[in-house]
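Examination of the molecular architecture
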Amino acid sequence: MFIDRAKILVRSGAGGNGAVTFRREKYVPLGGPDGGDGGKGGSVIFTVDTGLTTLLDFKYKKKFIAESGGNGQGSKCYGKDGEDLYIRVPMGTIVRDFESNKVIADLSHKDDTFVIARGGKGGKGNCKFCTPTRQAPHFAEPGMPAEERVLTLELKLLADVGLVGFPNVGKSTLMNNVVGEKIAIMSDKPQTTRNTIQAVYTDEECQIVFLDTPGIHKPKNKLGEFMVKSATDAFKNVDLVLFVVDDSKKIGPGDRKIIEDLRGIKTPVILVLNKIDKLEESELFELMQLYSNEDLFKAIVPISALKGRNVNELLKVIGNYLQEGPKYFPDYMITDQPERVLVSELIREKVLHYLNDEVPHGVAVEVERMKSRQDKDIVDISAVIYCERDSH
């Protein structure tokens, strides 16, 4: 599965205690105090790893504890410093305090690091407290305690263009057409897309990162609420919004709600009129005029995502509204989705297609095993299909 949120506990290392010792050596009278200082505790540090694309690792490991500093010893021996603990996270990770939900760190660049829990300072040994009037101190300083924090990690998807719209208007079809590969499943059932999916389009002149989102609708359950939240959150993380509508002859209540939501953002919005192959020229003109009256869209581009009509023109229009920025992905990469996620989604698509009446829409697929055959170009896949109810 694609994991974009995780709850973890981090704890730095405590500082080592200072030692209370005195020099006891033959032929050395009045040796005096010689207790060494405690070592410094290790810190917990977040660091960006460009090879990671999800927070899946934090599904299995949720506690990260750095090494504590060693205690001081006699003969003015200092305790060993604890090693720092580095936690690797994907680029675009936001670190929040779990209780207050306050943003602590935003790791959006490849060289970003952040000390989230600083190691405790080591305590001073009794030799540091020796003075002319206090020549035999029988005390030392304890090490500073560890810092402990409960955190929420969120993966901020680094996208240029977000696709939003009512369910089943062709957002996934458009994204598949743009990258030339099938990375988002399609069916005639609404709310087929459940997670946000990144697609990367690269040519000689530019690289554009698209974000396909679940259809915005009135949720009826927890899954629906999650899907709508994923879609509306996309407004905040992109530089340009594509509002995709289909060949409906009027602006329905669902599209009206999305339009009102889009009025509240500063991000430029382009309207994409999809499925124009089903419209007469006069009907298309009337529909474009209807949406033009909303006075919201920077441009209105009619296309047919299924047949590829006018998609290249849409890419040119998108390029006019994007600013220059870093190239995040290599040329060969078309999505950030792990292989198992793509496979599980393709299986779910087939379930929706072939078991349309027998199995309800609320199914999930988990790939348990994938193994390539040595003698053939075939991959054996073992997967579990979960249904909403036992009766299904």
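Residues numbered from 1 in each chain as written. Predicted model: local features only at pLDDT ≥ 70, side-chain atom pairs only at ≥ 80, totals over all residues. Heavy atoms only, no water.

**Some thoughts on the overall build of the protein**
Spelled out, the test is: Numbered from the N terminus, helices here are DSSP runs of H or I no shorter than four residues, and strands are runs of E no shorter than two. A simple rule labels every residue: compare its accessible area, found with a 1.4 Å probe on the protein chains alone, to the largest value its type can have, and call it buried under 20%, exposed over 50%, or partly exposed in between. We call two residues in contact when some of their heavy atoms are within 4.5 Å.
Assigned secondary structure in the protein consists of 7 helices and 16 strands. Relative to its full complement of 392 residues, the protein shows a buried share of 46%. When contacts within the protein are restricted to residue pairs at least 6 apart in sequence, those whose partners lie at least 24 apart make up 72%.

**As for the packing of aromatic side chains**
How we decide: Two rings belonging to Phe, Tyr or Trp (six-membered ring only in the last case) form a pair when the distance between their centres is within 6.5 Å. Interplanar angles under 30 degrees mark stacking, angles over 60 mark edge-to-face geometry, and anything in between is tilted. Consider the ring centre and the ring normal. A charge sits over the ring if Lys NZ or Arg CZ is within 6 Å of that centre and within 35 degrees of that normal.
In total, this model carries 4 aromatic pairs according to the counting rule given. Look at Phe-129 and Phe-139: their rings are 5.1 Å apart centre to centre, the planes differ by 50°, and that puts the pair in the tilted class. Taken together, the residues Phe-129 in the loop between strand E7 (113-117) and strand E8 (148-155) and Phe-139 in the loop between E7 and E8 connect sequence positions 10 residues apart. Where Phe-243 meets Phe-297, the ring centres are 6.2 Å apart and the plane angle is 25°; that geometry is what we call stacked. On the criterion of sequence distance, the pair formed by Phe-243 in strand E12 (residues 240-245) and Phe-297 in the loop between helix H5 (281-292) and strand E14 (299-302) is long-range, its members being 54 residues apart. In this pair, the class of Phe-243 matches that of Phe-297, namely buried. Grouping aromatic residues by their ring pairs yields a cluster made of Phe-243, Tyr-291 and Phe-297. Here the guanidinium or amino end of Lys-7 rests over the ring plane of Phe-98, the centre of that ring lying 4.0 Å away.

**Thoughts on the environment of Phe-58**
With respect to the helices, strands and loops of the structure, Phe-58 is situated in helix H1 (residues 57-60). According to the relative accessible area criterion, Phe-58 is buried, its value standing at 4%. Along the chain, Phe-58 and Ala-6 lie 52 residues apart, while their C-alpha atoms are 6.2 Å from each other. Setting aside anything within four residues of it in sequence, one finds Phe-58 in contact with Ala-6, Ile-8, Phe-64, Ile-87, Arg-88, Val-89 and Leu-153.

**A short note on the sheet that holds E8**
The criterion, for reference: A pair of strands counts as paired when DSSP detects no fewer than two bridges linking them. What counts as an axis is a line fitted to C-alpha atoms, over the stretch in contact for a helix, and the angles between N-to-C directions run from 0 to 180 degrees.
Ordered in space as E3-E1-E8-E5-E6, the 5 strands form an open sheet in which the pairing is mixed. The strands lining the two open edges of the sheet, one partner per strand, are strand E3 (63-65) and strand E6 (103-107). Taking each pair of neighbouring strands and ignoring which way they run, the sheet shows an average axis angle of 25°.

**What about helix H2 (residues 171-179)?**
Across the 9 residues that make up H2, a large majority, 8, are buried. Among all positions of H2, only Lys-171, Ser-172, Thr-173, Leu-174, Met-175, Asn-176, Val-178 and Val-179 are buried. The positive-phi residue at the C-terminal boundary of H2 is Gly-180, with phi of around 80°.

**Examining the nonpolar core**
For clarity, the cut-off: Side-chain atoms within 4.5 Å link the members of a nonpolar core, which is a set of buried Ala, Val, Leu, Ile, Met, Phe, Trp, Tyr and Cys residues.
Counting residues in each nonpolar core, the largest one holds 25 residues, and the members touching the most others are Val-161, Leu-174, Val-178, Phe-210, Leu-242, Leu-314 and Ile-318. Mapped by element, the contributors of at least two residues to this core are strand E9 (161-165), H2, strand E10 (197-202), strand E11 (207-212), E12, strand E13 (269-273), E14 and helix H6 (311-320). Among the elements that make up this core, the one with the highest residue count is H6 (5 residues).

**Let's talk about the sheet that holds strand E4 (residues 85-89)**
The sheet built from 3 strands is open, its strands ordered E4-E2-E7 with mixed pairing. The open sheet terminates on both sides in strands that have one partner only, identified here as E4 and E7. Within the sheet, the average angular offset between the axes of one strand and its neighbour, ignoring direction, is 30°.

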